[in-house]
Structure formats: C-alpha cells, structure tokens
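Summary of the model geometry
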Amino acid sequence: MAKNLSFVLKKVNEVVFEDRPIPELKSDREVLIQIKVTGICGSDVHYWTHGAIGSFIVKAPMVLGHESAGIVVKTGSAVSTLKVGDRVALEPGTPCRHCVQCKAGAYNLCPDMKFAATPPYDGTLAKYYVLPEDFCVKLPDNVSFDEGALVEPLSVGVHIMKQAQIKPGSSIVVFGAGPVGLLCCAVAKAFGATKIIAVDINQDRLDFALKYAATGVFNPITQGSKDPAENAEKLNGLFNLGVGADVAVDASGAQPSIAAAIHVLRQGGTFVQAGMGKPDIDFPIVAMCCKELTVKGSFRYGPGDYKLAVDLISSGRVSVKELITGRVKFEQAEDAFKQVLGGKGIKILIEGVEDA
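Overview of the structure. (Residues numbered from 1 in each chain as written. Predicted model: local features only at pLDDT ≥ 70, side-chain atom pairs only at ≥ 80, totals over all residues. Heavy atoms only, no water.)

1. Re the overall build of the protein
What the protein contains, in helices and strands, is 12 helices and 20 strands. Computed over its C-alpha atoms, the radius of gyration of the protein comes to 20 Å, within 12% of the 21 Å expected for a compact globule of 356 residues. Viewed in the frame of its principal axes, the protein has a C-alpha envelope of about 60 × 40 × 35 Å. Out of the 356 residues in the protein, the part that is buried amounts to 53%. At a minimum sequence separation of 6, the contacts of the protein that also span at least 24 residues come to 67%. Carbon and sulfur atoms form 53% of the exposed surface of the protein, whose accessible area is close to 15,900 Å². Mean positive and mean negative side-chain charge positions of the protein (37 and 38 charges, respectively) differ by 2 Å. (Helix = DSSP H or I, 4+ residues; strand = E, 2+ residues; numbered from the N terminus. Rg over C-alpha atoms; globule rule 2.2 N^0.38 Å. Buried < 20%, exposed > 50% of the residue type's maximum accessible area, 1.4 Å probe, protein only. Contact = heavy atoms within 4.5 Å. Areas by Shrake-Rupley, 256 points an atom, 1.4 Å probe, with all protein chains shown as cover. Lys, Arg positive; Asp, Glu negative; His and termini not counted. Charge placed at Lys NZ, Arg CZ, Asp CG, Glu CD.)

Have a look at this one:
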C-alpha cells in the first residue's frame with residue numbers, strides 16, 4: 001500500500017506515479033501536511049513539456065505541483081502557531097533567511113530559495129509535504145481547501161498589485177486574461193481601482209473577465225490592429241483614459257502586449273512585467289524614457305502577500321471560486337495536465353491522495 005504516492009516528472013513528456021518515503025521533519029519548527037488539493041500552474045506544464053524554464057533545468061526526477069492546501073498531521077517540538085488538524089494554504093518556497101535579500105525583507109528574491117517543483121526541489125503533488133510553520137497560512141472556517149489552493153496564484157496577483165502601487169481611483173490595463181491576469185483585475189478592484197481594462201486575443205477569456213472583475217475589455221484581433229501604439233491609442237479612446245492609464249501590467253509575456261502596455265501609460269505611469277516570455281524582445285525604450293515611466297518586475301510573492309490573499313478571500317473582497325473550471329482525482333493528474341496544455345478551462349484542481 002502506497003505511503004506517499006507522488007506525481008513525478010521523469011523526463012520531458014514522461015510522468016509517473018511513485019510511492020516515495022513520507023518526508024521527515026528536519027527542523028523542530030516544521031510541520032508535515034497532508035495535501036488535500038493542488039492547482040496546476042503553467043510552470044508545471046512547461047517543465048512537463050520542455051524540461052526547463054530558463055536556467056532551471058530538470059536533471060533528475062521531480063515531483064510536480066506548488067499550488068496546494070492541506071491539513072497539518074504532525075508538528076515539530078517548537079511549533080507554536082499550528083496544531084494537528086489545522087487547515088492551511090502552503091506558501092511553497094523556503095528562503096535561506098540569512099542573505100542580503102532575506103534580511104531586507106525581499107525573501108522572494110533569495111538566491112538560495114528552495115521552491116516547490118523548481119529544480120532540483122520536489123513539489124506538492126504528493127500525499128505529504130513538509131514546510132516551516134511560518135510558511136503555512138491557516139485557513140479560516142469559511143475558506144475551503146479549493147480556495148486555499150488558489151491562494152498561491154492570488155498571492156502572485158497581490159504582489160503584482162503591490163508592485164504597481166494600485167490605490168483608490170487608479171486606472172489599470174492588464175494584458176493577458178489568464179489566471180494571473182484575471183486575479184490582477186480582482187486584486188486591483190479590491191485595492192480600489194476604478195477603471196480595470198483586460199486585454200487578450202481570446203474572446204472567451206475576455207467575456208469571463210468582464211463578468212469577473214474587469215470594467216472593460218479589448219481584443220486586439222477584432223477591435224485593434226497589429227500596431228501596439230495604435231492599439232494603445234484605441235484603448236485610451238474607448239475607455240476614456242485621457243492621457244493614459246496610471247498602471248499597465250503585462251501578464252502575457254507577449255512582445256506586442258508589452259509594447260502596447262508602455263504606449264498606453266500616461267506620463268509618469270507605472271509598468272509591471274508579470275508574464276514570462278522570450279528572454280529578449282524589442283522594447284519601446286524611447287516612449288519609456290520620454291514619459292519617465294516606472295518599470296518594475298514582479299517575482300512570486302513576498303512578506304504578507306499570502307496572508308493578505310487569504311484575508312481577501314475570507315472577507316469576500318476577492319472571489320476565486322469562479323476560476324475553478326475542472327477537478328480530477330489524484331490518479332487522473334496527467335489528464336488534468338493535458339487539459340491545461342490544450343487550453344481548456346481556467347484553473348483545474350487535482351484532489352489529494354485518498355486515505356486507504
């Protein structure tokens with residue numbers, strides 16, 4: 001009988017189920033969590049189909065998954081904030097806590113981060129997973145395990161909106177209406193933005209965005225052209241953005257979207273790059289300079305982001321249930337990955353391994 005059934009990437013396009021040892025607590029401040037639900041991220045699928053993301057290369061079998069919620073089943077002797085039976089969302093990266101970035105409070109930039117399902121570290125698509133207690137956020141009674149699994153992508157959206165410094169009355173254009181882009185729209189709304197425009201070439205995604213959190217949507221294929229500057233001008237006119245939006249976020253990684261985002265901004269506006277794309281692109285540097293834009297990256301999530309994400313769900317200021325479009329048993333995990341690869345749905349969840 002399997003003790004810790006795990007969904008393992010052996011090599012490109014080859015995944016298997018393996019029974020692995022139940023992980024041991026290596027610190028008295030760690031907890032053992034039984035995983036109840038895991039969402040599929042685009043990075044998981046990319047490792048499955050390509051075996052690498054940038055410099056992160058899969059060189060040995062690796063358990064996939066990092067968007068999870070579960071229940072604490074064992075605690076270390078020094079754990080004081082959690083107990084057996086607590087329901088938690090897992091923040092799936094453990095920093096070194098000692099480097100310059102960690103000491104500065106930017107632990108998401110730690111060069112020695114041990115992040116789930118990022119080579120060489122195993123992910124959470126297993127029956128059990130170990131984390132330090134302070135990287136587990138307790139779920140209130142009104143937040144389900146399903147919602148808890150979506151805390152991870154929501155925290156990405158929270159971090160992006162913090163980077164963008166969204167405040168009441170802000171106008172924002174979000175390029176890319178996938179899960180992260182949609183959650184950016186939702187968090188922007190919760191933070192008080194009054195104009196939230198979603199841009200995508202997938203009309204179904206735009207229709208969803210308009211019902212979900214966006215105040216307006218734009219499809220460059222049906223409403224615009226191939227010229228990013230022209231599309232930016234149309235966006236400003238259609239949605240009465242005046243001299244331009246306060247904030248633009250690219251959650252697509254597509255070069256035309258990045259260029260349009262720079263052009264759609266007002267003088268002194270803020271651009272945040274959230275999507276991963278080609279390593280090098282053509283970039284409208286003159287427009288950036290002449291408008292004196294603030295240009296930022298956004299990577300994962302940092303201090304307080306997970307806790308805020310849980311609070312946003314618990315308080316009802318952000319709803320994530322609508323994003324869940326599929327759910328499979330653990331033994332059907334590969335089918336779920338195929339669905340995501342085929343562009344089906346928005347967020348597909350994989351149930352945890354059932355007890356015998």
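2. Regarding the pairing of strand 17 (residues 265-273)
Taken together, the five bridges between strand 16 (residues 245-250) and strand 17 define a ladder with parallel strand orientation. Bridge assignment links D250 to a residue of strand 17, and that residue is Q273. Of the crossover connections in this fold, the one passing from strand 16 over helix 9 (residues 255-264) to the parallel strand 17 is right-handed. Looking at chain direction, strand 17 and strand 18 (residues 294-297) are connected through four bridges and run parallel. Among the inter-strand pairings, F271 is bridged to a residue of strand 18, identified as V295. Of the crossover connections in this fold, the one passing from strand 17 over helix 10 (residues 285-290) to the parallel strand 18 is right-handed. (Pairing = 2+ DSSP bridges. Right-handed = clockwise from strand over helix to strand, strands pointing away.)

3. A short note on the environment of V187
Its location among the elements puts V187 in helix 5 (residues 179-191). Counting along the chain gives 132 residues from V187 to S319, while the straight-line C-alpha distance between them is 9.8 Å. Discounting residues that sit within four places of it in the chain, V187 has contacts with L154, G157, V158, M161 and V318.

4. Things to note about the environment of N4
Checked against the element boundaries, N4 lands in the segment before strand 1 (5-11). Separated by 31 residues in sequence, N4 and I35 have C-alpha atoms that sit 10 Å apart. If near-sequence neighbours (up to four positions away) are discounted, N4 is found in contact with E18, D19, R20, P21, I22, P23, A126, K127 and Y128.

5. A few points about the packing of aromatic side chains
Considering all chains together, one arrives at eight aromatic pairs under this definition. Aromatic pair Y301 and Y306: ring centres 5.3 Å apart, planes at 70 degrees, arrangement edge-to-face. With relative accessibility at 3%, the residue Y301 sits in the buried group. Ring-pair connections join several aromatic residues into one group, and the members of that group are F7, F17, W48, F330 and F337. Its guanidinium or amino end placed over the ring of F145, R87 lies 4.8 Å from that ring's centre, counting from NZ or CZ. Positioned over the ring face of F115 is R300, at 3.7 Å from the centre of the ring. (Phe/Tyr/Trp six-rings, centres within 6.5 Å; stacked < 30°, edge-to-face > 60°. Lys NZ or Arg CZ within 6 Å of the ring centre and 35° of its normal.)

6. Digging into the sheet that holds strand 14 (residues 195-199)
If you trace the six strands from one edge of the open sheet to the other, you get 15-14-13-16-17-18, paired in parallel fashion. Each edge of the sheet is formed by a strand with only one pairing partner; in this case those strands are strand 15 (216-218) and strand 18. Across the sheet, the mean angle from the axis of one strand to that of its neighbour is 20 degrees, orientation sign disregarded. As judged from the five bridges shared by strand 13 (residues 171-175) and strand 14, these two strands associate in the parallel manner. Across the sheet, residue I172 finds its bridge partner in strand 14, namely I196. Those strands touched by helix 6 (residues 203-212) are strand 14 and strand 15, and its axis lies near 165 degrees from that of strand 15. (Axes fitted to C-alpha atoms, helices over the stretch in contact; angles between N-to-C directions.)

7. Digging into the sheet that holds strand 1
Ordered in space as 2-1-6, the three strands form an open sheet in which the pairing is antiparallel. Every interior strand has two partners, whereas the edge strands, strand 2 (14-19) and strand 6 (62-63), have only one. Of the strand pairs in this sheet, strand 1 and strand 6 are connected by two bridges, and their pairing is antiparallel. Bridged to L9 within strand 6 is M62.

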